[in-house]
Amino acid sequence: MREIQKIELRQLEISDFKNLTESMKAAYENWSGGWWDEHHIQKLIDIFPEGQLVIVADDEIAGCALSLIVDYDKFGDNHTYAKITGNYTFSTHDPNGDVIYGIEVFIKPDFRGLRLGRRLYDARKELCENLNLEAVVFGGRIPNYHKYSNELTPRQYIDKVKLKELYDPTLTFQLSNDFHVNKVIKGYMPGDDESEDYAVLLEWNNIYYVEQEPQLSDQKTVVRLGLIQWQMRPYNGIDELFEQIEFFVDAVSGYKSDFALFPEFFNAPLMAKYNHLSEAEAIRKLAEFTDEIRERFSKLAISYNVNIITGSMPKMDGPKLYNVGFLCRRDGTFEEYTKMHVTPDEAKYWGLTGGDTIKVYETDCGPIGVLICYDVEFPELPRILANDGMNILFVPFLTDTQNGYSRVRYCARARAIENECYVAIAGSVGNLPKVENMDIQFAQSVVFTPCDFAFPTTGIKAEATPNTEMILVADVDLDLLWTLHNKGAVRNLKDRRTDVYDIRLKKK
């Protein structure tokens, strides 16, 4: 047993990840399934920081406890680890849920025997009381069961552990910390050979829990989308451009939309002033407006109480030119997204460079993703976003011909089905004289859905009139996605053969 000079129990930070990984590998020496990747830890910290705890002993992570809040009635006692964690995306986390669900507790072997695990469990119980939640629940491993599985059923094994006739390093400890056994689950966490794929569902009840009156949820379940099908026309400067932008923001806000989606390169008319320059020089002049456009959009998002996906626009970063857009939240915060795949024409005429980052954005209407035009034609990107819990994918696009539009449309439609999410696409229409490489546009903005009984049979929630300036307003129900994920006729996300293949981002 190691001597410790200093010990601290605190919230986990992403800067701890390297230290955490070393401890995880030591704790799960015989089982690589216990290791978390950095994007998992970052997601947990983002959505529920107070639920992610570590014990640090002499600057070394000695133990860790990770957890979510869930609406337990949605899962019941017959769940799997994959189901309760949303296939490891943590999309099941619900700040308005009633139970803290423990998804991880471990103590590094060098620090076992010091009752550090008890500290983690006590901190989790205290959090449960402070948040006025009903219980702490988790599926516990029984790592010594493989030694007795030929002679004892799981129930017999558990009974003997309860009576202290047998010792299990996990179950014995949990029973001593006031957790009671609810049931045995088979197939809870495939690959846990030591437990023979069994787990014990354990629960600690908060005796101080006070039932609350039903309250309005902070996160909406029915989300209203406002898509702007933008008419390309000449503008005398940025002020005139924003007169038209504000008109549309005002219109979708008047219908109480939660999101307003603008198209890709909607601000291209401002390049007319630079038509005497080459295409590459003109678009770099257009990039000079980007910071001001973002600032104006942020002000509109606040004043009209709507989250705005600003479409896209050029932006210089050093010598490189990118195609970027912004999520301007109605609380005043914003995030930047970048087009990853540039088309041959964009590279040839404008010298655009593709970005290398992709992420899910948290909003007051749940997690969303944004991909610009050509990016939606690459199925890997939406799948990565879906793995991280995305519910709605927004696709601002710009296409000149119908065949180009068809590529975007049908790829977006496929993404909605295979990723069990909503996909909203919005583009520009009409002609734009005096701007090279931007002569004609074709668009029909659409909101696509998955294809199952709860959704339209065509997978189309609403669509605009082709090639006509207008707004399209449509409601999407996020609860239907949860039902689809778990009870759909087919379950594209759940039925993936991740034992055979996987999609992941390369670390930079």
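Please read these numbers as outputs of a predicted model, since none were measured by experiment. (Residues numbered from 1 in each chain as written. Predicted model: local features only at pLDDT ≥ 70, side-chain atom pairs only at ≥ 80, totals over all residues. Heavy atoms only, no water.)

1. Notes on the overall build of the protein chain
Note the threshold: We count a stretch as a helix when DSSP gives it H or I for four or more residues in a row; a strand needs E for two or more, and each element gets its number in order from the N terminus. Throughout, radius of gyration means the C-alpha value; the globule benchmark is 2.2 Å times the number of residues raised to the power 0.38. Note on contacts: a residue pair is in contact if any heavy atoms of the two residues lie within 4.5 Å. The accessible surface values rely on the Shrake-Rupley method and a 1.4 Å probe; as for residues, cover is taken only from the protein chains in view.
From N to C terminus, the protein chain includes 13 helices and 22 strands. Compactness check: the protein chain gives a C-alpha radius of gyration of 26 Å against a globular reference of 23 Å for 508 residues, within 12% of the reference. Nonlocal contacts in the protein chain, meaning residues at least 24 apart in sequence, comprise 70% of its contacts between residues at least 6 apart. Of the roughly 23400 Å² of accessible surface on the protein chain, 47% is carried by carbon and sulfur atoms.

2. Description of helix H11 (residues 380–387)
Put simply, the test is: Using a 1.4 Å probe on the protein chains alone, a residue whose accessible area is under 20% of its type maximum counts as buried, one over 50% counts as exposed, and one in between counts as partly exposed.
Across the eight residues that make up H11, a large majority, seven, are buried. Every buried residue of H11 is listed here: Leu381, Pro382, Arg383, Ile384, Leu385, Ala386 and Asn387. Taken together, the buried residues of H11 touch strand S15 (366–370), strand S16 (392–396) and helix H12 (402–418). With its phi angle positive at about 95°, Gly389 sits one or two positions after the end of H11.

3. Here's the deal with the nonpolar core
Rule in force here: By nonpolar core is meant a set of buried Ala, Val, Leu, Ile, Met, Phe, Trp, Tyr and Cys residues that side-chain atoms within 4.5 Å join together.
Formed by 56 residues in total, the largest nonpolar core has its most connected members in Leu20, Trp36, Ile41, Leu66, Tyr101 and Ile103. Contact partners of Trp36, with chain neighbours within four places excluded, come to Phe17, Met24, Ile41, Leu66, Tyr81, Tyr88, Phe90, Ile103 and Glu104. By size, the runner-up hydrophobic cluster in this structure holds 54 residues, among which are Ile309, Ile425, Ile460 and Leu493.

4. A closer look at the UniProt feature "domain: CN hydrolase" (unreviewed entry) in the protein chain
So the rule is basically this: UniProt positions are given in the numbering used here, feature names are shortened, and annotations may be inferred rather than shown by experiment.
The UniProt entry lists residues 223–478 under the feature "domain: CN hydrolase" (unreviewed entry), expressed in the numbering used here. Here residues 223–478 runs as 28% helix and 29% strand, with 7 Å between its end C-alpha atoms.

5. Side note on the domain arrangement of the protein chain
Rule in force here: Residue ranges for the domains originate in an automatic or database domain assignment. Simply put, the buried area is the total loss of 1.4 Å probe accessible area from both parts when two parts are fitted together. A carboxyl oxygen of Asp or Glu within 4 Å of a side-chain nitrogen of Lys or Arg is what we treat as a salt bridge. Here a polar contact is recorded for every N or O atom pair within 3.5 Å, except that within protein the pair must consist of a potential hydrogen donor and a potential acceptor, and residues adjacent in sequence are included only if both atoms are side-chain atoms. Following the grouping adopted for this structure description, the nonpolar residues are Ala, Val, Leu, Ile, Met, Phe, Trp, Tyr, Cys and Pro, the charged ones are Asp, Glu, Lys and Arg, and the polar ones are all others, Gly among them.
According to the domain assignment, the protein chain consists of domain 1 (7–205) and domain 2 (222–487). The straight-line distance from the C-alpha centre of domain 1 to that of domain 2 is 41 Å. Listed by partner, the interface residues are nine residues for domain 1 and nine residues for domain 2. Three residues stand out in domain 1 for area buried against domain 2, namely Lys43, Lys74 and Thr89, and they jointly supply 56% of the buried area on that side. Summed over the shared surface of domain 1 and domain 2, the result is one salt bridge. For the salt bridge of Glu362 with Lys43, the shortest nitrogen-to-oxygen distance reads 3.3 Å. There are two residue pairs in polar contact (both at pLDDT 80 or more) connecting domain 1 and domain 2. With three residues, the top contributor of residues to the side of domain 1 that touches domain 2 is helix H2 (residues 38–47). A class-by-class count of the residues in the side of domain 1 that touches domain 2 yields three nonpolar, three polar and three charged.

6. Considerations on the environment of Ala414
Position of Ala414 relative to the elements: it lies in helix H12. Relative accessible area serves as the criterion here: at 27%, Ala414 is assigned to the partly exposed category. For the pair formed by Ala414 and Cys451, sequence separation is 37 residues and the distance between their alpha carbons is 9.9 Å.

7. Overview of the packing of helix H7 (residues 238–254) against helix H9 (residues 290–303)
Put simply, the rule reads: Lines fitted to C-alpha atoms define the axes, with helix axes restricted to the stretch in contact, and inter-axis angles between N-to-C directions lie between 0 and 180 degrees. Should an angle fall under 35 degrees it is taken as roughly parallel, and over 145 as roughly antiparallel, whereas 65 to 115 is taken as roughly perpendicular and any remaining angle as oblique. Crossing handedness: left-handed means the near helix sits turned counterclockwise from the far one by under a right angle, and right-handed means the same turn made clockwise.
In contact at an axis separation of 11 Å, H7 and H9 are set at 30° when each is read in the N-to-C sense. Between H7 and H9, the crossing angle belongs to the class labelled roughly parallel. When the axes of H7 and H9 are compared, the crossing they make is right-handed. Packed against H7, whose contacting residues are Ile238, Asp239, Phe242, Ile245, Glu246 and Val249, the element H9 presents Glu292, Ile293, Arg296, Phe297 and Leu300 at the interface. For the contact of H7 with H9, a count of residues per class yields seven nonpolar, no polar and four charged.

8. Description of the pattern of salt bridges
Applying the stated criterion to the full structure yields 22 salt bridges. We note a salt bridge from Asp192 to Arg141, for which the minimum N-O separation is 2.9 Å. In this pair, Asp192 sits in the loop between strand S6 (180–186) and strand S7 (198–205) while Arg141 sits in the loop between strand S5 (135–140) and helix H5 (154–162), placing the two residues 51 residues apart along the sequence. Side by side, Asp192 and Arg141 carry an identical accessibility label, which is buried. Note that Asp475 is salt-bridged to Arg224, the shortest N-O span being 2.6 Å. Separated by 251 residues along the polypeptide, Asp475 in strand S22 (residues 470–477) and Arg224 in strand S8 (residues 222–231) bring together distant segments of the chain.

9. Re the state of the cysteines
Heads up, the rule is: To count as a disulfide, a pair of cysteine sulfur atoms needs to be within 2.5 Å.
Taken as a whole, this structure holds zero disulfides when the rule is applied. The thiol of Cys411 is unpaired, and the distance to the nearest cysteine sulfur, on Cys373, comes to 10 Å. You can see Cys451 has no disulfide; the closest cysteine sulfur is in Cys421, sitting 12 Å from it. Classification of Cys451 as partly exposed rests on a relative accessible area of 37%.

10. What about the environment of Arg329?
With respect to the secondary-structure elements, Arg329 resides in the loop between strand S12 (320–328) and strand S13 (334–338). A residue is classified by how much of its surface remains accessible, and Arg329, at 12% relative accessible area, is buried. Between the C-alpha atoms of Arg329 and Ile302, which are 27 residues apart in sequence, the distance is 7.5 Å. Aside from chain neighbours lying at most four places away, what touches Arg329 is Ala301, Asn307, Phe334, Glu335, Tyr361, Glu362 and Thr363. A distance of 2.7 Å separates the side chain of Arg329 from the side chain of Glu335, its partner in a polar contact. At a separation of 2.9 Å, a polar atom in the side chain of Arg329 contacts the main-chain carbonyl oxygen of Glu362.

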